[in-house]
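One-letter residues, chain by chain:
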Amino acid sequence: AQSVSQHNHHVILSEAASLELGCNYSYGGTVNLFWYVQYPGQHLQLLLKYFSGDPLVKGIKGFEAEFIKSKFSFNLRKPSVQWSDTAEYFCAVRASGTYKYIFGTGTRLKVLA
Amino acid sequence: DVKVTQSSRYLVKRTGEKVFLECVQDMDHENMFWYRQDPGLGLRLIYFSYDVKMKEKGDIPEGYSVSREKKERFSLILESASTNQTSMYLCASSLPSGNYNEQFFGPGTRLTVL
């Protein structure tokens, strides 16, 4: 069965620090990959997605993620976080051509001003 | 922009009550989903619908049912609410499961069962 692992459950950073959130999945076939963010009191929204092509994907608000097929990973990065990045981040995977999205357990990021 | 709305942000019900959670999307999406979100467990799929009157069970369908009579509306039903169904319920929609399609989420309904 497919699964998604987010190893960091809680992350605390100071403003301007660099961020990397890990995401690993287990599925041998072609996948579509997503990062969603949930700001306090708001709905889940898409940060970025990968379907094919350049494995380095850029999203909104300065976030990027790199798909490394050999490592089954899709880590999220941001060079310099802001207080407003405080949120919960979810990685999701979908086997290409299927309907089912598998979500990780989420990472709560707190950025200290 | 896609808009997914859910009928209530907060709901308090008693054990044994029948509970209806409504979700409406305005972008003519074929696919609609119901998840529950619990701390430390992420999002777990309850049910999925890919067309009117069509549904498929997700990972945790026990104690729930769904209804999709119109394309834009997808209802989640708790036939007899129990305390372990206290959770945040998220509705989502998407275009058919081809490439380049992501899910769009509603604001969630926080259900408390007493």
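Look up a bit, the structure's there.
For clarity, every value in this text was computed on a predicted model and none was experimentally measured.

Novice: Go over the sheet that holds strand β8 (residues 73–78) of chain B with me, naming the residues and quoting the values.
Specialist: Residues and elements named next belong to chain B. Taken in spatial order, the four strands make up an open sheet running β1-β3-β8-β7, and their pairing is antiparallel. Every interior strand has two partners, whereas the edge strands, β1 (4–6) and β7 (64–70), have only one. Strand-to-strand twist across the sheet, computed as the mean angle between neighbouring axes with direction ignored, equals 20°. The pairing of β1 with strand β3 (residues 19–25) spans three bridges and is classified as antiparallel. Its bridge partner lying in β3, glutamine 6 is registered against cysteine 23.

Novice: How would you explain the side chain of arginine 68 of chain B if you had to name every residue and give the values?
Specialist: Residue and element names in this part refer to chain B. Position of arginine 68 among the secondary structure elements: in strand β7. The buried charged residue arginine 68 lacks any salt bridge, with aspartate 51 as its nearest oppositely charged partner at 5.9 Å. At a separation of 2.6 Å, a polar atom in the side chain of arginine 68 contacts the main-chain carbonyl oxygen of glutamate 30. Within polar-contact distance, the side chain of arginine 68 engages the side chain of serine 49 at 3.0 Å. Sequence-distant contacts of arginine 68, defined by excluding residues within four places in its chain, comprise Gln25, His29, Glu30, Asn31, Met32, Ser49, Tyr50, Asp51, Val52, Lys53, Arg73 and Phe74.

Novice: Give me the lowdown on the environment of tyrosine 25 of chain A, citing residues and values where you can.
Specialist: All names here are of chain A. Among the structural elements, tyrosine 25 can be located in strand β4 (residues 24–26). Classification of tyrosine 25 as buried rests on a relative accessible area of 7%. Setting aside its immediate chain neighbours within four residues, tyrosine 25 contacts Ser3, Val4, Val31, Leu33, Phe67, Phe72, Ser73 and Val93.

Novice: How would you summarise unusual backbone geometry if you had to cite specific residues and measurements?
Specialist: One non-glycine residue, alanine 16 of chain A, lies in positive phi territory at about 80°. Its place among the elements puts alanine 16 of chain A in the loop between β2 (10–14) and β3 (19–21). For lysine 53 of chain B, which is not a glycine, the phi torsion comes out positive at approximately 65°. Tracing the backbone through its elements, the reader meets lysine 53 of chain B in the loop between β5 (42–51) and β6 (54–57). The exposure class of lysine 53 of chain B is exposed, given its relative accessible area of 57%.

Novice: With reference to specific residues and values, describe the interface of chain A and chain B.
Specialist: Taken together, the contact between chain A and chain B spans 23 residues of the former and 25 residues of the latter. Carbon and sulfur atoms make up 52% of the surface buried where chain A meets chain B, a total of about 1900 Å² over both sides. Of all residues in chain A, Tyr99, Tyr101 and Phe103 of chain A give up the largest surface area on contact with chain B, accounting jointly for 31% of the area buried on that side. Our count for the contact surface shared by chain A and chain B stands at two salt bridges.

What counts, and where the lines are drawn
- Residues numbered from 1 in each chain as written.
- Chains lettered and ligands numbered in written order.
- Predicted model: local features only at pLDDT ≥ 70, side-chain atom pairs only at ≥ 80, totals over all residues.
- Heavy atoms only, no water.
- Pairing = 2+ DSSP bridges.
- Helix = DSSP H or I, 4+ residues; strand = E, 2+ residues; numbered from the N terminus.
- Axes fitted to C-alpha atoms, helices over the stretch in contact; angles between N-to-C directions.
- Buried < 20%, exposed > 50% of the residue type's maximum accessible area, 1.4 Å probe, protein only.
- Lys, Arg positive; Asp, Glu negative; His and termini not counted.
- Salt bridge = Lys/Arg side-chain N within 4 Å of Asp/Glu carboxyl O.
- Polar contact = N/O pair within 3.5 Å; in protein donor to acceptor, adjacent residues only side chain to side chain.
- Contact = heavy atoms within 4.5 Å.
- Buried area = accessible area lost by both parts, 1.4 Å probe.

Fair warning: the whole summary comes from geometry, so function is off the table for now.
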